[in-house]
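Single-letter residue listing:
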Amino acid sequence: MSRSRLLAFAGQVGKFGAVGLVGFVVDVTVFNLLRGTVFAPDLVHAGPLYAKIVSTVLAILTNWIGNRYWTFGTSRRPRALREGLEFFAVSLVGMGIGLLCLWLSHYVLGYTSVLADNISSNVIGLGLGAVFRFTLYRFWVFAPGRADTTPAAPVPDRLAARPRGLVGER
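Summary of the structure given here.

What to know about a nonpolar patch on the surface
At step 1: The grouping of Leu-100, Trp-103, Leu-104, Val-108, Leu-109 and Tyr-111 at the surface amounts to a nonpolar patch, some 610 Å² of accessible area in total.
At step 2: Within the secondary structure, Val-108 sits in helix α3 (residues 80–108).
At step 3: Under the relative-accessibility criterion, Val-108 is labelled partly exposed at 47%.

Rendered as structure tokens:
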């Protein structure tokens with residue numbers, strides 16, 4: 001890998017990390033607010049899982065905007081809906097990784113404190129999910145060589161011909 005490509009890749013990883021940090025703040029803040037109030041485990045048995053789902057969906061939306069317009073801005077496609085759906089699909093699997101870590105820690109291993117829930121979902125799960133997401137965002141959702149597969153609409157012959165007699169022609 002050439003030095004310039006390595007620097008470009010490092011810049012992309014840095015931008016992904018910065019966007020991820022903003023998403024992380026959204027995720028952790030909303031998770032802890034919900035886990036401590038409406039989705040507290042003593043009120044709702046699966047409260048921590050519900051809180052994590054809501055917080056992660058909000059973080060996904062935040063991250064899509066940041067990654068679409070900044071991290072992968074030069075390779076985004078004009079079909080935002082399709083790109084957004086692909087981004088959301090990859091992000092849901094990434095969320096599943098974090099939820100699996102939280103579920104294993106909280107319900108299988110019995111670590112039920114706020115600290116344990118945060119470590120399992122927001123450190124271990126988020127780290128594993130970030131590696132997964134970056135890889136698929138880079139090589140699938142925002143892949144630079146990936147062209148939009150929608151063919152251009154054909155131009156009728158009568159419209160494709162150059163009109164004659166326009167003002168300014170000689």
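Read on, since the account is not over.
Here we look at the packing of aromatic side chains
At step 1: Taken as a whole and judged by the stated rule, the model has 9 aromatic pairs.
At step 2: Ring centres of Phe-16 and Phe-134 lie 4.9 Å apart, and the angle between their planes is 65°; on these two criteria the pair is classed as edge-to-face. Note that Phe-16 is positioned in helix α1 (residues 3–36) and Phe-134 in helix α4 (residues 114–141), a separation of 118 residues in sequence. Both residues of the pair, Phe-16 and Phe-134, belong to the buried class.
At step 3: Where Phe-72 meets Phe-142, the ring centres are 4.8 Å apart and the plane angle is 10°; that geometry is what we call stacked. Pair noted here: Phe-72 is in the loop between α2 (47–71) and α3 and Phe-142 is in the loop between α4 and α5 (157–160), with a separation of 70 residues, a long-range link. The same class applies to Phe-72 as to Phe-142, namely buried.
At step 4: For the cation-ring pair, Lys-52 lies above Phe-31, with the distance from its terminal atom to the ring centre recorded as 5.6 Å.

Parameters and conventions
Along every chain, residues carry numbers that run from 1 in the direction the sequence is written. Totals for whole chains, interfaces and linings use all residues, but because this is a predicted model, local features are given only for residues with pLDDT of at least 70 and pairs of side-chain atoms are given and counted only at 80 or more. By convention in this description, side-chain values take in all heavy atoms of the structure and omit both hydrogens and water. Patches draw on residues past 30% relative accessible area with no salt bridge. Two like charges within 9 Å are joined, as are two nonpolar side chains (Val, Leu, Ile, Met, Phe, Trp, Tyr) within 5 Å. Each accessible area value is a Shrake-Rupley result obtained with a 1.4 Å probe; residue values ignore everything except the protein chains displayed when judging cover. Each salt bridge in this description consists of a side-chain nitrogen of Lys or Arg and a carboxyl oxygen of Asp or Glu lying within 4 Å of one another. Only runs of H or I of at least four residues qualify as helices and only runs of E of at least two qualify as strands under DSSP, and these elements are numbered from the N terminus. Classification of residues uses two cut-offs on accessible area relative to the type maximum, computed with a 1.4 Å probe and protein chains only: under 20% is buried, over 50% is exposed, and between them is partly exposed. Any two rings among Phe, Tyr and Trp, with Trp reduced to its six-membered ring, count as a pair given centres within 6.5 Å; such a pair is stacked if its planes are under 30 degrees apart, edge-to-face if over 60, and tilted if neither. For a Lys NZ or an Arg CZ to count as sitting over a ring, it must be within 6 Å of the ring centre and within 35 degrees of the ring normal.

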